[in-house]
Amino acid sequence: MESFKDKKLYIEFLRTFAIFWVIFNHTEHKGFSLFTSYPANSIEFWIYLFLSVFCKLSVPLFFAISGSLLLNKEESIKDVYLKRITKICIALIVFSFIFYLQNIHDTSGTLSLHDFFKQLYISDWNYSYWYLYAFIPFLMSLPLLRPLVQNMKKEHFYYLFVCAIFFMAILPIGEYLLWHGKYTLNKNFRMAWIISDIVLYPCLGYFLEHKLDIEKIKKWILPLWLINFITIFISCFMTFYKANLIDNYDISRIQTFYMSFVPVNVTTVFITAKYFFTKNALSPTVSKIILSLGSATFGIYLLHILFLYLPVTISLWPLLRDTLHINRMIVTFIICFLIMAVCYVITIIIKKIPFINKLI
């Protein structure tokens, strides 16, 4: 039985919350881009667009969690590579190969280890695993980020986040409103390192976990949610504005402003969860469920894409939508929960298998 003694309930809840939105993010036109199926003057369009923008907090939230847990630790560079990076590299290779075998089966292709390792090295064909590619450089950066954040004062964190919002949101939105994408600031003038996932969000997580007084958080929760809703709506409006300007609702072309205010979203969700679970005692059963789900999120992440496009999964959408006449977005939520549950069970089973259990 896995021990949850040293686990923080709100951290495991945040992991579970984030992995649900990771799955939702991969539902394509059935959920993530469902808003494009509705006219822009409909309530469905704006609600579903809101959800599409909201879900983008998922991976940044995982990075924030990692920052909150790892940046306060002391480890040698050797330990970082042997204990952390090696595990992620092996997981990337093993589960990418499973993904590769599924692709071969689906396309009647031919197995080639040369092709597999070439694609693993240069390509994004296993697109759902981009997070692993990004997480490895984050781990490699730990020996540099740790002394950085541990010696930063609160005003330095505030400055970091203000710069991030300026370069991620205010400047791009202003540029687009003025020049419709024709002119943008010279890329060499932008503080690109600040808005990198592997820097900004781990620093944000460290700040929220180790620099904020839990007793002072309560008064910020409601104002933060108000600001969060406003900023998400701004991202929605800019998406709508761009789509109409280019006369194209292709989801691959109109996500320019999806990530603009994600730091606000991550901060709001993190603070809310931390305050709620710190100040409220849940039943042992509920706590155990959350802790167990949280411990399985890496396995769910690695497995979910394999189940999302299975024929049996694909057949569920029309069954629930057309036969049972359930709302299309509710159907997507149901299927996301089912995939999450199936992958959770499989992860728990895998955790009992020697060696492989070390990967998830």
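Coordinates for the structure precede this section.
On a predicted model such as this, the values are computed, not experimentally measured, just so you know.

### Some details on the state of the cysteines
What we call a disulfide is simply a covalent bond connecting the sulfur atoms of a pair of cysteines. All told, the structure shown has 0 disulfides when counted by the stated rule. With no disulfide of its own, Cys163 lies 12 Å from the sulfur of Cys203, the closest cysteine sulfur.

### A short note on the nonpolar core
Among the nonpolar cores identified, the biggest contains 112 residues, and Leu61, Phe63, Tyr129, Leu132, Phe138 and Tyr301 are the most heavily contacted of them. No other element matches helix H1 (residues 9–25), which puts 11 residues into this core. Tyr301 has contacts with Ile19, Val22, Ser128, Tyr129, Trp130, Tyr131 and Leu132, leaving out every residue within four places of it along the chain. Listed in part, the 8 residues of the second largest apolar core include Ile165, Ile173, Phe261 and Val264.

### Let's talk about the packing of helix H13 (residues 311–323) against helix H14 (residues 328–350)
Contact geometry for H13 and H14: axes closest at 10 Å, N-to-C directions at 145°. Crossing handedness for the pair H13 and H14: right-handed. Residues Thr313, Leu316, Trp317, Leu320 and Arg321 of H13 lie in contact with H14, whose contacting residues are Arg328, Val331, Thr332, Ile334, Ile335, Leu338 and Ile339. Split into classes, the residues belonging to the contact of H13 with H14 amount to 8 nonpolar, 2 polar and 2 charged.

### Some details on the environment of Gly205
Within the secondary structure layout, Gly205 lies in helix H8 (residues 197–210). The class of Gly205 is buried, set by a relative accessible area of 0%. Remark: the alpha-carbon pair of Gly205 and Phe62, spanning 143 residues in sequence, is separated by 9.2 Å. When sequence neighbours within four positions are dropped, the list of residues in contact with Gly205 reads Ala64, Gly67, Ser68 and Phe270.

### Remarks on a nonpolar patch on the surface
Together, Ile93, Leu101, Leu111, Leu113 and Phe117 make up a nonpolar patch on the protein surface, roughly 460 Å² of accessible area in all. Those elements that provide at least two residues to the nonpolar patch are helix H4 (77–107) and helix H5 (113–122). Positionally, Leu113 belongs in helix H5. Judged by relative accessible area, Leu113 falls into the exposed class, the value being 51%.

### What about the pattern of salt bridges?
Using the criterion set out here, one finds 8 salt bridges in the structure. For Arg84, the salt bridge goes to Glu75, with nearest N and O atoms at 3.0 Å. Glu75 sits in the partly exposed class, given a relative accessible area of 23%. Via salt bridges that share partners, Lys8, Glu209 and Lys274 belong to a single interconnected network.

### Some details on the side chain of Asn265
Within the secondary structure, Asn265 is located in helix H10 (residues 262–279). Engagement of the side chain of Asn265 in a polar contact is seen with the side chain of Asn228, the distance being 2.9 Å. Among residues more than four places away in sequence, those in contact with Asn265 are Phe54, Leu57, Asn228 and Ile232.

### Digging into the packing of aromatic side chains
Under the counting rule described, the total for this entry stands at 48 aromatic pairs. Both rings, one in Phe116 and one in Phe117, keep their centres 4.9 Å apart while their planes meet at 70°; by these two values the pair is edge-to-face. Residue classification places Phe116 among the buried residues on the basis of a relative accessible area of 1%. With relative accessibility at 45%, the residue Phe117 sits in the partly exposed group. An angle of 75° between the planes, with centres 5.5 Å apart, marks the rings of Tyr158 and Phe207 as edge-to-face. Separated by 49 residues along the polypeptide, Tyr158 in helix H7 (residues 154–179) and Phe207 in helix H8 bring together distant segments of the chain. Directly above the aromatic system of Trp317 lies the positively charged group of Lys30, at a separation of 5.1 Å from the ring centroid.

### Observations concerning H14
Spanning 23 residues, H14 covers 33 Å between terminal C-alpha atoms, matching the ideal 33 Å at 1.5 Å per step. Of the surrounding elements, those touching the buried residues of H14 are H1, helix H2 (43–54), helix H12 (297–308) and H13. Taking the backbone nitrogen of Met329 as reference, a side-chain oxygen 2.9 Å away marks Asn327 as the first, capping residue of H14.

### A closer look at the environment of Ile334
Here Ile334 lies in helix H14. The sequence separation of Ile334 and Lys218 amounts to 116 residues, and the corresponding C-alpha distance is 32 Å. With residues near it in sequence (within four places) discarded, Ile334 still touches Leu320 and Ile326.

### Quick look at helix H11 (residues 284–295)
For H11, built from 12 residues, the straight-helix expectation of 16 Å at 1.5 Å per residue is met to within 8% by its first-to-last C-alpha distance of 16 Å. All buried positions along H11 are accounted for by Ser287, Ile290, Leu291, Ser292, Gly294 and Ser295. Packing partners of the buried residues in H11 comprise H1, H10, H12 and H14.

Conventions and cut-offs
Residues numbered from 1 in each chain as written. Predicted model: local features only at pLDDT ≥ 70, side-chain atom pairs only at ≥ 80, totals over all residues. Heavy atoms only, no water. Disulfide = S-S within 2.5 Å. Core = buried A, V, L, I, M, F, W, Y, C linked by side-chain atoms within 4.5 Å. Buried < 20%, exposed > 50% of the residue type's maximum accessible area, 1.4 Å probe, protein only. Helix = DSSP H or I, 4+ residues; strand = E, 2+ residues; numbered from the N terminus. Contact = heavy atoms within 4.5 Å. Axes fitted to C-alpha atoms, helices over the stretch in contact; angles between N-to-C directions. Left-handed = near helix turned anticlockwise from the far one by under 90°. Nonpolar A, V, L, I, M, F, W, Y, C, P; charged D, E, K, R; others polar. Patch = residues over 30% accessible without salt bridge, like charges linked within 9 Å, V, L, I, M, F, W, Y side chains within 5 Å. Areas by Shrake-Rupley, 256 points an atom, 1.4 Å probe, with all protein chains shown as cover. Salt bridge = Lys/Arg side-chain N within 4 Å of Asp/Glu carboxyl O. Polar contact = N/O pair within 3.5 Å; in protein donor to acceptor, adjacent residues only side chain to side chain. Phe/Tyr/Trp six-rings, centres within 6.5 Å; stacked < 30°, edge-to-face > 60°. Lys NZ or Arg CZ within 6 Å of the ring centre and 35° of its normal. Expected span 1.5 Å × (residues − 1).

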